[in-house]
Amino acid sequence: MEEFRRTYLRLCKEGGVAPQESVVAQLQENRAAHSSRLDLSGKSLSVDTCSVLARSFQTDTIFTEVWLSDCMLSEEGAKVLLTGLFGNTTVKILDLKGNNLRSGGAEVLGKLLARNQSLRRLVLEWNALGVWDEAFSLFCEGLASNSMLTQLDLSNNQINQHGASELALALKHNTTLEVLDLRWNNIGLLGGRTLLEAFQKSKCVVQLKLAGNNIPSDTLKALEQTAGHNSDRQHTLRESHRKTQVLCKEIQTLKDKKSNQVTFSPMTEAALALSEQKNHNMKELLTRVKAEKEEQREQQSKERKKEQEVRLETQFSQSMSYCGEKTLLSSDRSKSQQNQIFELKQELTNSTAELKLRLSQTEDRLETEKRRSKQALEDMDSLRQKEVEHVNRNLEVSERALQERIFKLEGQRIQLEEFLSIIFLLLASSEQQERVSALEEKLRSVRSSLQEVQLHCSQQKQTISELQAKTSQQSIEMDGLRRRIEELQQELSGKDQEKVAEVSRVRVELQEQIGHLQAERTAQGGLKEKICALEREIKVLSSNHREALLDKESEMSSMLEKLRLKEAEIQRMRADEANRASYLQNAILTYVQGSPLGHYSSPKK
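Quantities reported herein were computed from a predicted structural model and do not represent experimental measurements. (Residues numbered from 1 in each chain as written. Predicted model: local features only at pLDDT ≥ 70, side-chain atom pairs only at ≥ 80, totals over all residues. Heavy atoms only, no water.)

Considering the overall build of the chain
Let me state the cut-off plainly: Counting from the N terminus, the helices are the DSSP runs of H or I reaching at least four residues and the strands are the DSSP runs of E reaching at least two. Summary of the burial criterion: residues with accessible area below 20% of their type's maximum are buried, those above 50% are exposed, and those between are partly exposed, where the area comes from a 1.4 Å probe applied to protein chains only. Should any heavy atoms of two residues lie within 4.5 Å, those residues are considered in contact. Per-residue and other accessible areas were derived by the Shrake-Rupley procedure at a 1.4 Å probe size, with only the shown protein chains allowed to occlude residues.
Regarding its fold elements, the chain presents 13 helices and 7 strands. Counting over 605 residues, the chain shows a buried share of 33%. Taking as baseline every contact in the chain between residues at least 6 positions apart, the subset at least 24 positions apart corresponds to 84%. For the chain, the accessible area works out to roughly 36,800 Å², and carbon and sulfur atoms hold 55% of it.

Encoded structure:
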């Protein structure tokens, strides 16, 4: 800590930069607390300070955590500071929250991820890395080439659909990232689908956060299930690795014990024959398990084919019903449309219920198969451990018996040698020499029997080495079978993920079709409302027209009555005029006849 402070002050002096008081105070606090964490959060850092810190980071420091959240870093300051961390090998955690990093910061972060080989956690919350597509693509390229980062926080970074596709492409190549936070961005439906495809191929991400991204609930659920499957897979892999290490250690200890053993008795042959028989039984058990796995795979493939056929039939029937509905909508807008829509919805609900039921059944089957395989492995491990313990006990008993026998033979040989030496010293007669020769003969026979015992022990040692080779070969076969079972489990998990993705895709398609149908239904409702309004207007107009016709008819009848009256009056007036004319003519005639002219004219006539 003191060395870093001195380096910081020295570099400030060499560069002619005034040391920032907040940075110096924080370094003094870390020195007093003996902390390996450099926390400059909330302190405004100038470009010169960033340059000095970058030069300090270029030499390996004691800091393993660097917290620079809300430091109001400029584009140039962020570039300089991050460049200094390219070759650093001590910093494990870097926090750059709330610094408004944009295109330049995204490019430098991509280079940092591509070059740095020590960073484990990177926090980039509350920045703007996803605004510029090209810069974020460079960041994703650096993430794809990184092989050390395990935790990445990209929440609140305005990542859109294009950024999600670039991130999905990077995750297909990255093999170490386990925790990813993408909350509160603008990923959307298509971005969620691309991420789902990437997570189905990438098996490393075990924790994923996607709240606040306008992603449908079924896609979110599929993503969560994929992360859960990856977590279970990592857990099983760790457990299997731990178990294989324990078994390897036990096998190595057994090999060491067997190599240290020198003599064996005939009891070991029976124990070894028993172990060989048990190994043969284990082989048969493994072959049966393998055959059952193959049968299960074939059955699952048949079930998948049936499900695909049923799904295709349902899709075809849905498309046919949809086309029929379209034609009916274009031809007739009546109650039959509502009945067909109701039937289509009923079919959709039935198909979704069937899919859910089949999915639950397949999940139950997979769970039972997993439990059965795990139980079989545990039983095999326990059986093998019991056999190893039994063989060890038999070997220890035989070793103790052989050692006791050897000790007895050695004691007899020593006693015979002492007795012979005493006889050679005390007796020199022929009888004594004959006895001595007889004793020598006995000694030779004892030595020959000892050699035979040693030869038998060497033969047993050779058979035991052969059996050890056989057991090692069987352990290798067991490991191969375990790996095969793990591969089958991985394939099963992959098939689970494929089924989940297929179900999610079908759900999305069904939701889209339901959305289309609802939109058409709303359009039909609008048309019905318009038709009702037009019918009401027509009724009003027809009533008005009837009233107008009635008024016109009453007017016509009144006019006809007036016309008839007028004609009658005209006839009367004509008759009056004719009467007047006749009266006038008569008057004129009478007047003419009564006048003198009439008298004068009458004779002439």
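A look at the sheet that holds strand 1 (residues 37-39)
For clarity, the cut-off: At least two DSSP bridges between two strands are required for those strands to pair. Axis lines are fitted through C-alpha atoms, for helices just across the contact stretch, and the angle between N-to-C directions can take any value from 0 to 180 degrees.
Pairing is parallel in the open sheet, where 7 strands are placed in the order 1-2-3-4-5-6-7. At either end of the open sheet lies a strand with only one pairing partner, and these are strand 1 and strand 7 (207-209). Averaged over neighbouring strand pairs, the angle between their axes works out to 0 degrees when direction is ignored. As judged from the 3 bridges shared by strand 4 (residues 121-123) and strand 5 (residues 151-153), these two strands associate in the parallel manner. The residue bridging leucine 122 from the neighbouring strand is leucine 152, located in strand 5.

Concerning the packing of helix 5 (residues 103-115) against helix 6 (residues 133-145)
Stated formally: Between 65 and 115 degrees an angle is taken as roughly perpendicular, under 35 as roughly parallel, over 145 as roughly antiparallel, and anywhere else as oblique. By convention, the crossing between two helices is left-handed when the near helix turns anticlockwise from the far helix through less than a right angle, and right-handed when the turn is clockwise. By the convention adopted, Pro, Cys, Tyr, Trp, Phe, Met, Ile, Leu, Val and Ala count as nonpolar, Lys, Arg, Asp and Glu as charged, and the other residues, Gly among them, as polar.
Their axes nearest at 7 Å, the elements helix 5 and helix 6 cross at an angle of 15 degrees. Considering their axes alone, helix 5 and helix 6 lie roughly parallel with respect to each other. The hand of the helix 5/helix 6 crossing is left-handed. Counted together, Ser103, Ala106, Glu107, Leu109, Gly110, Leu113 and Ala114 of helix 5 and Ala135, Phe136, Leu138, Phe139, Gly142, Leu143 and Ser145 of helix 6 form the full contact between these two elements. In terms of residue class, the contact of helix 5 with helix 6 is built from 9 nonpolar, 4 polar and 1 charged.

Some thoughts on helix 4 (residues 75-83)
The condition is simple: Taking the helix axis as origin, the arc is that swept by the directions to the C-beta atoms.
Among the residues making up helix 4, those that are buried are Gly77, Ala78, Leu81 and Leu82. For helix 4, the arc enclosing every buried residue in end-on projection is 120 degrees, short of the 170-degree limit, so these residues lie on one face. Residues of helix 4 that are buried make contact with helix 3 (47-58), strand 3 (93-95) and helix 5.

With respect to the packing of helix 6 against helix 7 (residues 161-173)
Remark: helix 6 packs on helix 7, axes separated minimally by 8 Å, with the N-to-C direction vectors making an angle of 15 degrees. With respect to helix 7, the axis of helix 6 lies roughly parallel. Crossing hand, helix 6 versus helix 7: right-handed. Between helix 6, through Asp133, Phe136, Ser137, Cys140, Leu143 and Ala144, and helix 7, the contact on the second element is made entirely by His162, Gly163, Glu166, Leu167, Ala170 and His173. When grouped by side-chain class, the residues that make up the contact of helix 6 with helix 7 number 6 nonpolar, 4 polar and 2 charged.

Quick notes on a nonpolar patch on the surface
Which entries qualify depends on this criterion: Patch building starts from residues that exceed 30% relative accessible area and form no salt bridge, then joins like charges within 9 Å and nonpolar side chains (Val, Leu, Ile, Met, Phe, Trp, Tyr) within 5 Å. A pair is scored as a salt bridge if a Lys or Arg side-chain nitrogen falls within 4 Å of a carboxyl oxygen belonging to Asp or Glu.
A surface patch of nonpolar side chains, amounting to about 430 Å² of accessible area, comprises Leu584, Ile588, Tyr591 and Val592. Of note, leucine 584 is situated in helix 12 (residues 430-594).

Examining the environment of arginine 120
Relative to the helices and strands, arginine 120 is located in the loop between helix 5 and strand 4. A sequence separation of 27 residues divides arginine 120 from serine 147, and the C-alpha atoms of the two residues are 9.6 Å apart. In this structure arginine 120 touches Lys92, Met148, Leu149, Thr150 and Gln151, once residues within four positions along its chain are discounted.

A short note on the pattern of salt bridges
For side chains of opposite charge, pairing can occur when their charged atoms come near one another. This model, assessed by the stated rule, comprises 13 salt bridges. Among the salt bridges present, the one from glutamate 561 reaches arginine 564, with a minimum N-O distance of 2.1 Å. Taken together, the positions of glutamate 561 and arginine 564, both in helix 12 and 3 residues apart, correspond to about one turn of that helix.

Structural notes on helix 5
Let me state the cut-off plainly: One less than the number of residues in a helix, times 1.5 Å, gives the span that helix is expected to have.
With 13 residues, helix 5 extends 19 Å between its outermost C-alpha atoms, agreeing within 8% with the 18 Å of an ideal straight helix rising 1.5 Å per residue. When helix 5 is considered as a whole, its buried residues turn out to be Gly104, Gly105, Ala106, Val108, Leu109, Gly110, Leu112 and Leu113. At its buried positions, helix 5 is contacted by helix 4, strand 3, strand 4 and helix 6.

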